[in-house]
Amino acid sequence: MTEQQSSYRQILKATSIFGGVQAFKILIAIINSKAIALLLGPAGMGIIGLFNSTIGLIGGLTNFGLGTSAVKDVAAANATGNDSRIATIVKVLRRWVWITGLLGALVTLVLSPWLSQLTFGNRNYTVAFIWLSITLLFQQISSGQLALLQGMRKLKHLAKASITGSFLGLIISVPIYYFFRINGIVPAIILSSLTTMLLSWYFAGKVELQPVVVSNTRTIAEGRAMLKMGFSISITGLFVLGVAYIVRIYINHLGGVAQVGLYNAGFMIINTYVGLVFTAMATDYYPRLAGVANDVSKTNTTINQQIEIAIIILAPILTIFLVFINWIVILLYSNQFIEISGMIHWAALGMFFKAISWAIAFLFLAKGASKLFFWNELFANIYMLILNLLGYKFLGLDGLGISFLVGYFLYFLQVYLVTKVKYSFLFEKGIYSLFFIQFFIAIVCFLVVKKLNIPSNFIFGIALIIISTLFSMKELDTKIGLNVVYNRLKNKFFKKR
């Protein structure tokens with residue numbers, strides 16, 4: 001096996017592992033939402049949503065994005081192979097998650113009366129927020145432990161922690177809701193976050209670290225870069241929330257609350273069910289890229305390989321969504337949501353550009369370029385907001401799908417040009433043929449669905465799905481040797497038998 005084949009297989013292996021993890025977590029979330037709806041009703045679901053969104057906002061302001069930024073530092077230390085360096089970075093990280101976690105808990109505790117007033121319009125939930133303040137500490141400690149596992153690329157431990165945490169959270173919360181109803185909301189949230197923290201701590205404890213002594217001065221010095229990058233990540237996260245909020249308010253103003261619901265449902269499909277592929281790939285990709293961020297050649301190779309695998313996996317999925325989106329919408333929601341199909345058709349084409357730009361943009365994080373990352377994301381959010389507002393004003397829900405496509409095309413051009421100038425990033429030749437062939441198939445699929453009637457659109461659409469899938473399989477075989485993988489799995493299976 002060549003080094004290149006090994007790299008592609010590592011990408012595919014990580015994607016399959018965490019794709020399964022994300023799918024499992026989505027399933028758990030669906031079951032949990034159903035249980036809450038049945039046991040607590042709309043009022044209980046609303047209270048949980050308000051608690052979680054408020055705690056999430058405080059966390060976003062006080063956690064300094066360490067759960068993301070620290071992955072780079074841990075991965076870079078791990079790439080050196082220096083046990084002392086790794087242990088030092090981990091100890092610094094663990095100290096800072098305690099500091100920032102306690103900060104979040106203290107802010108929530110002090111502001112609890114005002115949070116209750118702001119969130120619920122009264123101070124009846126002050127005590128609830130006082131109790132929930134401890135979850136800010138639990139969540140931050142968990143994020144630090146998971147950042148350690150991700151940075152060290154302990155993928156199995158990370159997957160087990162995620163799956164077990166989601167499952168136990170469901171097992172703990174549902175009986176509490178059953179016996180205590182709305183009064184059980186706060187205990188359920190606290191116990192679920194405590195469980196997640198203990199599990200992450202347990203699996204992170206399996207990583208052997210050399211004992212080191214780290215002074216307070218060094219803790220501040222080493223943590224400065226983490227906090228600086230993390231703060232930029234936190235602020236840009238608030239940009240995204242702000243843009244989403246403004247778009248929802250604008251849609252509500254022009255089209256009413258039902259249109260907001262349709263918008264939410266459409267992008268839930270795109271960002272959650274299709275977007276889980278990005279989440280799955282990022283878990284291994286980010287620390288892998290951070291580990292080679294100082295080597296231009298290795299950086300270019302890593303990004304190009306990730307783009308190739310992303311397109312190979314996503315293209316057939318997107319053609320399926322293009323052809324069968326009406327059935328998918330009815331399955332996930334109901335006939336009342338069919339109106340979002342057009343928006344998703346346009347957005348599906350935009351996902352091709354999102355896949356490429358997503359892989360390239362990680363270079364800013366891997367390099368620790370906090371200022372460049374900040375301005376890159378700020379500029380992108382500004383034109384994304386403008387495009388969304390104009391798209392909805394002139395073309396309704398379909399206009400939001402078109403704005404997604406145009407926005408990510410512009411974002412792709414932006415991150416490509418910036419990284420090309422700043423970091424000498426270049427596409428390899430194979431990217432062009434892979435992208436243009438799969439994107440062409442998707443466009444033809446789009447036109448078939450839009451222009452032809454039933455059953456012709458399904459007949460031609462299914463044919464295009466098969467062509468896209470076969471092309472991806474051919475490319476995958478070239479990258480990793482599918483026959484070799486198949487034979488290894490077969491031999492392994494029969495040996496066990």
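For every chain, the first residue of its written sequence is number 1, and the numbers climb from 1 along that sequence. Selection of residues for local features in this predicted model requires a pLDDT of at least 70, selection of side-chain atom pairs for listing and counting requires 80 or more, and totals for whole chains, interfaces and linings are taken over all residues. Side-chain measures here rest on the full set of heavy atoms in the structure, leaving out hydrogens and waters.

J.: Talk me through the overall build of the protein; I want residue IDs and the actual numbers.
T.: What the protein contains, in helices and strands, is 15 helices and zero strands. For the protein, the C-alpha radius of gyration of 23 Å lies close to 23 Å, the compact-globule estimate for 497 residues. Taking the principal axes of its C-alpha atoms as reference, the protein extends roughly 60 × 55 × 55 Å. When a residue's accessible area, from a 1.4 Å probe over protein chains only, is under 20% of the maximum for its type it is buried; when over 50% it is exposed; and in between it is partly exposed. Counting all 497 residues of the protein, 51% fall into the buried class. It only takes one pair of heavy atoms within 4.5 Å for two residues to be counted as in contact. The long-range share in the protein, meaning contacts at least 24 apart out of those at least 6 apart in sequence, stands at 82%. Each accessible area is a Shrake-Rupley result for a 1.4 Å probe, and residues are judged covered by the shown protein chains and nothing else. Taken as a whole, the protein presents about 23,600 Å² of accessible surface, with 67% of it coming from carbon and sulfur. Put simply, DSSP marks the helices as runs of H or I at least four residues long and the strands as runs of E at least two long, and each gets a number from the N terminus on. Here the globule rule reads 2.2 Å times residues to the power 0.38, and the radius of gyration is calculated from C-alpha atoms.

J.: Please provide a residue-by-residue account of the nonpolar core, values included.
T.: In this structure, Ile307, Ile360 and Phe427 are the most contacted members of the largest nonpolar core, which totals 131 residues. Residue contributions to this core peak at 19 residues, all from helix H11 (residues 341-367). Excluding residues within four positions of it along the chain, phenylalanine 427 makes contact with Asn304, Ile307, Ile356, Ile360, Phe412, Tyr416 and Tyr432. Ile58, Phe120, Ala188 and Ile189 belong to the second-largest nonpolar core, a separate cluster that totals 25 residues. Here the nonpolar core consists of buried residues drawn from Ala, Val, Leu, Ile, Met, Phe, Trp, Tyr and Cys, with membership extended through side-chain atoms lying within 4.5 Å.

J.: Go over helix H13 (residues 429-451) with me, naming the residues and quoting the values.
T.: A rise of 1.5 Å per residue sets the reference length of H13, with its 23 residues, at 33 Å; its end C-alpha atoms lie 34 Å apart and thus fit the reference within 8%. Those residues of H13 that sit buried are Ile431, Leu434, Phe435, Gln438, Phe439, Ile441, Ala442, Cys445, Phe446, Val448 and Val449. For H13, the elements touching its buried residues are helix H10 (296-332), H11 and helix H14 (456-480). One less than the residue count of a helix, multiplied by 1.5 Å, gives the span that helix is expected to have.

J.: Just give me the short version of helix H9 (residues 276-291), but keep the residues and values in it.
T.: With 16 residues, H9 should reach 22 Å at 1.5 Å per residue; the first-to-last C-alpha distance of 24 Å fits that figure. Maximal helix bending in H9 amounts to about 40 degrees, located at alanine 282. Along H9, 14 of the 16 residues are buried, which leaves the element largely enclosed by surrounding structure. The reported bend at a residue is simply the angle between two axes, fitted to the 7 residues ending at it and to the 7 residues beginning with it.

J.: Report on the packing of aromatic side chains, specifying residues and quantitative values.
T.: Paired rings are identified among Phe, Tyr and Trp, the last through its six-membered ring, by centres lying within 6.5 Å, and are further divided according to the angle between planes into stacked (under 30 degrees), edge-to-face (over 60) and tilted (the rest). The tally for this structure, following the rule as stated, stands at 39 aromatic pairs. For the pair tyrosine 286 and phenylalanine 362, a centre-to-centre distance of 5.6 Å together with 45 degrees between the ring planes defines the contact as tilted. Of this pair, tyrosine 286 sits in helix H9 while phenylalanine 362 sits in helix H11, and the two are 76 residues apart along the sequence. By relative accessible area, tyrosine 286 is classed as buried at 3%. The rings of Phe352, Phe353, Phe409, Phe412, Tyr416, Phe425, Phe427, Tyr432, Phe435, Phe436 and Phe439 are connected pair by pair, giving a single aromatic cluster. In this scheme, the term charge over a ring applies when either NZ of a lysine or CZ of an arginine sits within 6 Å of the ring centre and within 35 degrees of the ring normal. Looking at arginine 123, its charged tip hangs above the ring of tryptophan 114, at a distance of 5.4 Å from the centre. The side chain of arginine 181 reaches across the aromatic face of tyrosine 178, ending 5.6 Å from its centre.

J.: Tell me about the pattern of salt bridges, and please be specific about residues and values.
T.: The rule for a salt bridge is simple: a side-chain nitrogen of Lys or Arg has to be within 4 Å of a carboxyl oxygen of Asp or Glu. Tallied over the full model, the rule gives five salt bridges. Notably, a salt bridge pairs aspartate 284 with arginine 153, separated by 3.0 Å at the nearest N-O pair. Of the two residues, aspartate 284 is situated in helix H9 and arginine 153 in the loop between helix H4 (126-151) and helix H5 (155-180); the sequence distance between them amounts to 131 residues. On the basis of relative accessible area, aspartate 284 is assigned to the buried category, the value being 1%.

J.: Can you explain the packing of helix H1 (residues 3-62) against H9? Please cite residues and give values.
T.: The interhelical angle for the contact between H1 and H9, taken along N-to-C directions, is 135 degrees, at an axis separation of 7 Å. Judged by the angle between their axes, H1 and H9 are oblique. Taken as a pair, H1 and H9 cross one another with a handedness that is right-handed. Residue-level inspection shows Gln10, Ile11, Ala14, Thr15, Phe18, Gly19, Gln22 and Ile26 of H1 in contact with H9, the latter providing Leu276, Thr279, Ala280, Met281, Thr283, Asp284 and Arg288. Within the contact of H1 with H9, the residues separate by chemical class into seven nonpolar, six polar and two charged. In this description, a line fitted to the C-alpha atoms serves as the axis of each element, helices being fitted only across the stretch in contact, and the angle between N-to-C directions of two axes falls anywhere from 0 to 180 degrees. If an angle is under 35 degrees, it is roughly parallel; if it is over 145, roughly antiparallel; if it lies from 65 to 115, roughly perpendicular; otherwise it is oblique. For any helix crossing, the convention is left-handed if the near helix is rotated counterclockwise from the far helix by under a right angle, and right-handed if that rotation is clockwise. Charged residues are taken to be Asp, Glu, Lys and Arg, nonpolar residues to be Ala, Val, Leu, Ile, Met, Phe, Trp, Tyr, Cys and Pro, and polar residues to be all remaining types, Gly included.

J.: Could you give me a rundown of unusual backbone geometry, with the residues and numbers involved?
T.: With an omega of 5 degrees, the peptide bond between isoleucine 454 and proline 455 qualifies as cis. Within the secondary structure, proline 455 sits in the loop between H13 and H14. With a phi angle near 60 degrees, arginine 153 is a residue other than glycine that sits in the positive phi range. In this structure, arginine 181 takes a positive phi of about 55 degrees despite not being glycine. With respect to the helices and strands, the residue arginine 181 is situated in the loop between H5 and helix H6 (185-204). Residue arginine 181 is classed as partly exposed on the basis of its relative accessible area of 37%.

J.: Which residues make up the side chain of serine 173, and what values do they have?
T.: With respect to the helices, strands and loops of the structure, serine 173 is situated in helix H5. Overall, serine 173 belongs to the buried group, its relative accessible area being 4%. Excluding anything up to four places from it in sequence, serine 173 contacts Asn32, Ala188 and Ser192.

J.: Describe the environment of glycine 368, with residues and values.
T.: Tracing the backbone shows glycine 368 in the loop between H11 and helix H12 (370-423). Measuring from C-alpha to C-alpha, the distance between glycine 368 and aspartate 73 comes to 8.8 Å, with 295 residues separating the pair along the chain. Setting aside residues no more than four positions away along its own chain, glycine 368 makes contact with Lys72 and Met229.

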